Amino acid sequence: MQQELIMLGSAVLVGGASGADASIWGMYKDAAHEGFAWPRFWRSVIIGATAALLIQLVLQLPLPRPSAILLLFGLAYAAERGVVETWKTFFRDEDQSKYAIPMQFALRGIPVQQRGARVTAGVGYIATILLAGYLLSRFDVGTPTLLRAAGGGFIVGLVIAVGGAWKDAPIEGFETLKFFRSPVLTTAFSILLFPIGESVLLAATAAIGYERAASENYKTFFFPSRPRGKFAGKPVTHPEMLRNRRKFVPAYLAIRVGLAWVLAATFMSPVR
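Described in the following lines is the structure provided in the data block. (Residues numbered from 1 in each chain as written. Predicted model: local features only at pLDDT ≥ 70, side-chain atom pairs only at ≥ 80, totals over all residues. Heavy atoms only, no water.)

1. Observations regarding the overall build of the protein chain
Now for step 1: Regarding its fold elements, the protein chain presents nine helices and two strands.
Now for step 2: Helices and strands appear in the protein chain in the N-to-C order α-α-α-β-β-α-α-α-α-α-α.
Now for step 3: In summary, the protein chain has a C-alpha radius of gyration of 19 Å against a globular reference of 19 Å for 272 residues, a match within 12%.
Now for step 4: Each of the 272 residues in the protein chain was classed as buried or not, and the buried ones make up 43%.
Now for step 5: Considering only contacts within the protein chain whose residues lie at least 6 apart along the sequence, 77% involve residues at least 24 apart.
Now for step 6: Of the roughly 13900 Å² of accessible surface on the protein chain, 70% is carried by carbon and sulfur atoms.
Now for step 7: Side chains of the protein chain give 28 positive and 17 negative charges; the mean places of these two sets differ by 3 Å. (Helix = DSSP H or I, 4+ residues; strand = E, 2+ residues; numbered from the N terminus. Rg over C-alpha atoms; globule rule 2.2 N^0.38 Å. Buried < 20%, exposed > 50% of the residue type's maximum accessible area, 1.4 Å probe, protein only. Contact = heavy atoms within 4.5 Å. Areas by Shrake-Rupley, 256 points an atom, 1.4 Å probe, with all protein chains shown as cover. Lys, Arg positive; Asp, Glu negative; His and termini not counted. Charge placed at Lys NZ, Arg CZ, Asp CG, Glu CD.)

Dropping the structure here:
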């Protein structure tokens, strides 16, 4: 019983950290344009922690083993991003005039105003993702291999790339290098993670989380003065956040140090 509680508690902490990471980079780039709200910040933390708890209940990963933490962090990150972005795209009603690129479901860059049409598209999107997950699980039939993991990672990266191009390309234009960035990253992360769980489905799904973390953190913290595409050309309405956002940097660094330790411990340990 005590060991079970330790495993579940560890899952909550890992998931909370993944959600906090997403909240920090989101706040760091967006708060200067739309302000800061604690409920919005804690949303990703809570969803990440809840997702990790549910994943742990299903998979029974050997937490707090470093390899299990590494895999769960990516899975929870992917789940949190999937839930939040699907909700914002298809189910949330929000004034889109503050964005340079619509955040709601759009056709050729024009937001779909009919809520019923957006919800229908959202249900179809969720069904498509579930079907893709099932098809990806077929990669685990027989003896999964590193080559299959690479293929699974590339496929999920293409899904991310197509979704990004659908949203951004009508406004920004199509960029080939930008399009293939996600498939390259998810392929690499899937190959890295596959030896841990020896499952293409788990490796490719966790790779989605690490791709989102790598891409968004790179854009946010290596180019802090460049607005994200959705706010390109929009005024800074909350300039105080350009200073206040720095208070979250220590938490961001702590997550990075923790991930670096987990990564090193995973691949230095003879037991995964």
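2. Topic: helix 5 (residues 146–172)
Given 3.6 residues per helical turn, the α-helix brings residues three or four places apart onto the same face.
Now for step 1: The sharpest bend along helix 5 reaches about 40 degrees and sits at Trp166, with the proline Pro170 one to four residues further on.
Now for step 2: Looking at the buried positions of helix 5, the neighbouring elements they touch are helix 4 (115–137), helix 6 (176–197) and helix 7 (200–221).
Now for step 3: Taken from the residues just after helix 5, Gly173 is the one with a positive phi, measuring 90 degrees. (Bend = angle between axes of the 7 residues up to and from the residue.)

3. Considerations on a nonpolar patch on the surface
Now for step 1: A cluster of nonpolar side chains, namely Tyr125, Ile126, Ile129, Leu130, Ile155 and Val159, defines an oily patch on the protein surface of about 520 Å² accessible area.
Now for step 2: Listed by contribution, the elements that provide at least two residues to the nonpolar patch are helix 4 and helix 5.
Now for step 3: Per-element tally for the nonpolar patch: the top contributor is helix 4, with four residues.
Now for step 4: Note that Ile155 resides in helix 5. (Patch = residues over 30% accessible without salt bridge, like charges linked within 9 Å, V, L, I, M, F, W, Y side chains within 5 Å. Salt bridge = Lys/Arg side-chain N within 4 Å of Asp/Glu carboxyl O.)

4. Describing the environment of Ala149
Now for step 1: Mapped onto the fold, Ala149 is located in helix 5.
Now for step 2: A relative accessible area of 0% places Ala149 in the buried class.
Now for step 3: A C-alpha to C-alpha distance of 30 Å links Ala149 and Ile6, two positions 143 residues apart in sequence.

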